[in-house]
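Letter by letter, the chains look like this.
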Number of protein chains: 2
Amino acid sequence: VVVGSELLSGKIEDLNTPYLARALRRAGVLLRKVAVVPDQADLIETALREAMALAEHVFTSGGIGPTHDDITVSCVARVLGRRITRHPEMERLLRALIGERITEVHLRMADLPEGAELLTAEGMIVPAIKAGPIYLLPGIPEIFREKVDQILPSLQGLPFFLAELELRIGEGSLAPHLEAVLAEHPEIEIGSYPDLGSSEHFQVKVTLEGSDAERVRAALEALIASLPPERILGRRDPSAR
Amino acid sequence: VVVGSELLSGKIEDLNTPYLARALRRAGVLLRKVAVVPDQADLIETALREAMALAEHVFTSGGIGPTHDDITVSCVARVLGRRITRHPEMERLLRALIGERITEVHLRMADLPEGAELLTAEGMIVPAIKAGPIYLLPGIPEIFREKVDQILPSLQGLPFFLAELELRIGEGSLAPHLEAVLAEHPEIEIGSYPDLGSSEHFQVKVTLEGSDAERVRAALEALIASLPPERILGRRDPSAR
């Protein structure tokens, strides 16, 4: 759940979603959906509820600073049915960080959903916050990335195996071949991506993915066998990523 | 509603959302939410239903080619409660485009929700498709952009006026000033974006936006007046964008 009106207005580009998507992929964790919502409580909460219903882990980006448009924490508390309380350890950390200049506004950042966990790691100035299944990450890309890198090793993922074929063929001609392979290998996910690149011939990249490398390979071989050899421009055998 | 498992797996970066966000902004149309969903009917349909409840216009990206993973059209038909029928004009266009090589697989692209409109324009090879409030756009970025550029002038938007201030201040110290301005100017949207750039002093960009340029200017002046002058690094007066 990516929170930020500035993303929807096109003022700022969302760098966090692509980073998290790739990091989850490497960790073998399936990303089921991304919602980008404005700094508006009803839309944030709807997105959080849907995310919790869909997935084991939920990540938020943005809206956790001290200004008026930072409402992610209160939205998370509401969808979890928890009160907001001042977290003593977070207060201690903020006081150590900010020193004598600290004000009540800074301390708002220690107001967290009851029972929130602080996830710290070597070199992390401010801990990541977890409440229920929700990881609350800051929107600033540099800090978002740092926290993603620290959290992801703790998630239990499964490896994905990915194979690819590059073909010189139109998607219309390719479709029946893909359907035939899928009928025999229903556990394999097959994607087909036309590339309107520089070549004058239409090219398509086909991806085959699954959790069992041998099954991915069998589907790849079946697809190759069904196509005229001159259509095949390149292949990449199954590898984990 | 951005459809594509390849985006969630981090294999491909979503170039279409930033493009559409900026184009809508220029056209004065408020983008309320973005959902990125996999090639999976239940998730696509949930996202479409929510989008239709939230907004006057809905845009989809991807999933409208002829292969097995192209299911956006059937999802749109279901959420609109319409049957899929072969669109005679679309069939004619496809036959003219593909010629004698055409197969039933190609012609699937003419199977559209009943009552779908074809939006054509000078230089467009394949028309954009509109069904109810939903614009069905292809996922291939080059074609997506072409169709966005052709559709957007027909939408009736309102201008937004945006002013900006660059400040050398921490967000914690800034927050009470923003809240005071918001209390006096509730119709103005204020955003606050810390920049962890090269400066050793913490910098924040504040944006003020609204549909009335004079009110945006008044809020900007009020904020400037409330801050010590040495905190202000730069200002940009309200302009339409």
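Fair warning: this is a prediction, and the values are worked out from it, not measured in the lab. Sequence order sets the numbering: in each chain, residues are counted from 1 along the sequence as written. Note on labels: chains are lettered from A, ligands numbered from 1, in written order. Per-residue local features are limited, in this predicted model, to residues with pLDDT of at least 70; the limit for side-chain atom pairs, both in listing and counting, is 80 or more; totals at the level of whole chains, interfaces and linings are taken over all residues. Just so you know, side-chain values use all the structure's heavy atoms and leave hydrogens and water out.

**So, the overall build of chain A**
Helix and strand assignments follow DSSP, with helices taken as H or I runs no shorter than four residues and strands as E runs no shorter than two, numbered in order from the N terminus. In terms of regular secondary structure, chain A is built from nine helices and 12 strands. By the compact-globule yardstick of 18 Å for 241 residues, chain A is too spread out, its C-alpha radius of gyration being 23 Å. For chain A, the spread of C-alpha atoms along the principal axes amounts to about 75 × 35 × 30 Å. Classification of residues uses two cut-offs on accessible area relative to the type maximum, computed with a 1.4 Å probe and protein chains only: under 20% is buried, over 50% is exposed, and between them is partly exposed. Burial status across chain A gives 50% buried among its 241 residues. Here the accessible surface of atoms and residues is derived via Shrake-Rupley with a 1.4 Å probe, and residues count as covered only by protein chains that are part of the display. For chain A, the exposed surface amounts to about 11,100 Å²; the carbon and sulfur share of it is 52%. Put simply, the radius of gyration uses C-alpha atoms, and a globule should come to 2.2 Å times the residue count raised to 0.38.

**Quick notes on the packing of helix α2 (residues 16–27) of chain A against helix α7 (residues 141–151) of chain A**
Residues and elements named next belong to chain A. Axis geometry follows a simple rule: fit a line to the C-alpha atoms, using only the stretch in contact for helices, then measure angles between N-to-C directions, giving values from 0 to 180 degrees. Between α2 and α7, the shortest axis-to-axis distance is 10 Å and the interhelical angle comes to 15 degrees. As the angle between them shows, α2 and α7 are arranged roughly parallel. The handedness of the crossing between α2 and α7 is right-handed. Where α2 approaches α7, its residues Asn 16, Tyr 19, Leu 20 and Ala 23 are matched on the opposing element by Pro 141, Phe 144, Arg 145, Val 148 and Asp 149. Looking at the contact of α2 with α7 residue by residue, the class counts come to six nonpolar, one polar and two charged. Orientation labels follow simple angle bins: below 35 degrees gives roughly parallel, above 145 gives roughly antiparallel, 65 to 115 gives roughly perpendicular, and whatever is left gives oblique. Crossing handedness is read from the near helix: turned anticlockwise from the far helix by less than a right angle, it gives a left-handed crossing, and turned clockwise, a right-handed one. Note on contacts: a residue pair is in contact if any heavy atoms of the two residues lie within 4.5 Å. Polarity classes work like this: nonpolar for Ala, Val, Leu, Ile, Met, Phe, Trp, Tyr, Cys and Pro, charged for Asp, Glu, Lys and Arg, and polar for all others, with Gly in that last group.

**With respect to α2(A)**
Along an α-helix, a turn takes 3.6 residues, which lines up residues three or four apart on a common side. The end-to-end C-alpha distance of α2(A), which contains 12 residues, comes to 16 Å, matching closely the 16 Å that a straight helix rising 1.5 Å per residue would cover. The buried fraction of α2(A) amounts to nine of the 12 residues, a majority that puts the element mostly inside the structure. Those residues of α2(A) that sit buried are Asn16(A), Thr17(A), Pro18(A), Tyr19(A), Leu20(A), Ala21(A), Ala23(A), Leu24(A) and Arg25(A). The inward-facing, buried residues of α2(A) contact β1 (2–3), β2 (34–37), β3 (58–61), α7 and β11 (203–210) of chain A together with α1 (5–8) of chain B. Of the residues flanking the end of α2(A), it is Gly28(A), one or two places downstream, whose phi is positive at about 75 degrees. Multiplying 1.5 Å by the helix residue count minus one yields the expected span of that helix.

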